[in-house]
Amino acid sequence: MSYKSTHKPLVAIVGRSGSGKSSSLEHLPPSETIIIDTERKGFPFPLKSWAGRIVGCDTKLEIESAIASALKDPSVKYIVVESLTKVFEIYEATAQASFKGYDIWTYYNKSIAGFFELCKNRQATVVFTAIDEVLKSELPEGGVDIARRIKVKGKAWEGIVEKEMLVVFYSWVKRDAKIPDKVDYLFRTNSDGINPAKSPKFFGYPLDIPNNLMAAFELANKNAKSAEETGFGEEGK
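Residues numbered from 1 in each chain as written. Predicted model: local features only at pLDDT ≥ 70, side-chain atom pairs only at ≥ 80, totals over all residues. Heavy atoms only, no water.

Engineer: Give me the lowdown on the sheet that holds strand 2 (residues 33-37), citing residues and values where you can.
Structural biologist: Taken in spatial order, the eight strands of this open sheet run 3-2-4-5-1-8-9-10, and their pairing is mixed. Looking along the sheet, the strands with just one partner apiece sit at the ends: strand 3 (54-56) and strand 10 (208-210). Taking each pair of neighbouring strands and ignoring which way they run, the sheet shows an average axis angle of 25°. Packed onto the sheet, helix 1 (residues 60-71) meets strand 2, strand 3 and strand 4 (78-82) and runs at close to 165° relative to strand 4. (Pairing = 2+ DSSP bridges. Helix = DSSP H or I, 4+ residues; strand = E, 2+ residues; numbered from the N terminus. Axes fitted to C-alpha atoms, helices over the stretch in contact; angles between N-to-C directions. Contact = heavy atoms within 4.5 Å.)

Below, the structure written as structure tokens:
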């Protein structure tokens, strides 16, 4: 399987607040990365080398313009949207301010679909951070089924966003009961039946890996033999 003639992968990093989603971005190469910052909360790593590479966006137009501008720059190999959760909120607010009744959700759904189409491209891997939500449903035979998914606005997108992604990393924190100060921030790479994680088998990921996004891309490239096969980074590297 190769991504040479298709769009670059869409990747989601999903998890609760404090699970290390933003921290996982630290080792992406600033010279090849643009971060679309809709959260405006800062980042948990030094930003000296990121000058001019983080674009603050507060509106739908600013978000789409920033992505379009990044895609015109051939040096950009990675675009990070921090966060998809906030994008949904901004797009909903735009729809609420512009329309009434059913037209709100018609416009909103078309706008979100257009957003994902804009992100599908042949130049840069697009990464989205997102908050998850827990769903509980009663089973016919008794008991409760528990599942996690990306938190969205609008029923039309519930459980659908994950299908837009080639990879979903579930960001979580492993604590050692015997060593209280020992904390490991990890990516789960495939679902355990509850979390929404997924990744292609040929990427060769173990179930859990350190939550270093660049290292995750490099591991996939190594296991698949090239960036041409995975779509991560520049072909031939």
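Engineer: Mind laying out the nonpolar core, listing which residues take part and the relevant values?
Structural biologist: With 36 residues, the main nonpolar core has L84, F115, F116, F128, V161 and M165 as its most contacted residues. Those elements giving two or more residues to this core turn out to be strand 1 (10-14), strand 2, helix 1, strand 4, helix 2 (84-98), helix 3 (102-119) and strand 5 (125-130). With residues up to four places along the chain from it excluded, the contact list for L84 reads F115, F116, F128, T129, A130, I150, V161 and M165. Core analysis: the second largest hydrophobic core is formed by 23 residues, L25, F169, L213 and F232 among them. (Core = buried A, V, L, I, M, F, W, Y, C linked by side-chain atoms within 4.5 Å. Buried < 20%, exposed > 50% of the residue type's maximum accessible area, 1.4 Å probe, protein only.)

Engineer: Would you mind going over helix 2 in detail, with residue names and values included?
Structural biologist: Its 15 residues place the ends of helix 2 21 Å apart at the C-alpha level, agreeing with the 21 Å of an ideal helix rising 1.5 Å per residue. For helix 2, the complete set of buried residues consists of L84, T85, V87, F88, I90, Y91, E92 and A95. (Expected span 1.5 Å × (residues − 1).)

Engineer: Explain a nonpolar patch on the surface to me, using residue names and the numbers behind them.
Structural biologist: Taken together, the side chains of V134, I146 and I194 define a hydrophobic patch exposed on the protein surface, amounting to about 220 Å² of accessible area. In this structure, I146 sits in strand 7 (residues 144-150). What makes I146 partly exposed here is its relative accessible area of 37%. (Patch = residues over 30% accessible without salt bridge, like charges linked within 9 Å, V, L, I, M, F, W, Y side chains within 5 Å. Areas by Shrake-Rupley, 256 points an atom, 1.4 Å probe, with all protein chains shown as cover. Salt bridge = Lys/Arg side-chain N within 4 Å of Asp/Glu carboxyl O.)

Engineer: I'd love a proper account of the packing of helix 1 against helix 3, names of residues and values included.
Structural biologist: Two numbers describe how helix 1 lies on helix 3: the axes approach to 10 Å, and their chain directions differ by 15°. Relative to helix 3, helix 1 is oriented roughly parallel. The crossing of helix 1 and helix 3 is left-handed. In this structure, helix 1 uses K60, I63, E64, I67 and L71 to contact helix 3, whose residues at the interface are Y107, S111, F115, L118 and C119. (Parallel < 35°, antiparallel > 145°, perpendicular 65-115°, else oblique. Left-handed = near helix turned anticlockwise from the far one by under 90°.)

Engineer: Which residues make up the state of the cysteines, and what values do they have?
Structural biologist: Enumeration over the complete set of coordinates arrives at zero disulfides. This cysteine, C57, is not joined by any disulfide, and C119 carries the nearest cysteine sulfur, 12 Å off. Classification of C57 as buried rests on a relative accessible area of 1%. A relative accessible area of 0% places C119 in the buried class. (Disulfide = S-S within 2.5 Å.)

Engineer: I'd like a rundown of the packing of aromatic side chains, residues and numbers included.
Structural biologist: Taken as a whole, this structure holds 17 aromatic pairs when the rule is applied. With a centroid separation of 6.4 Å and an interplanar angle of 50°, the aromatic rings of F88 and Y108 are classed as tilted. Residue F88 is found in helix 2, and its partner Y108 is found in helix 3; the two are separated by 20 residues along the sequence. Of the two residues examined, F88 and Y108, each falls in the buried class. Where F116 meets W157, the ring centres are 5.8 Å apart and the plane angle is 45°; that geometry is what we call tilted. Placement of F116 in helix 3 and of W157 in the loop between strand 7 and helix 4 (161-164) is noted, with a sequence separation of 41 residues between them. (Phe/Tyr/Trp six-rings, centres within 6.5 Å; stacked < 30°, edge-to-face > 60°.)

Engineer: Talk me through the environment of V80; I want residue IDs and the actual numbers.
Structural biologist: Relative to the assigned elements, V80 resides in strand 4. Each C-alpha atom, one on V80 and one on R16, is 18 Å from the other, the two residues being 64 residues apart in sequence. When near neighbours in sequence (up to four residues on either side) are disregarded, V80 contacts L25, L28, T33, I34, I35, I36 and V127.

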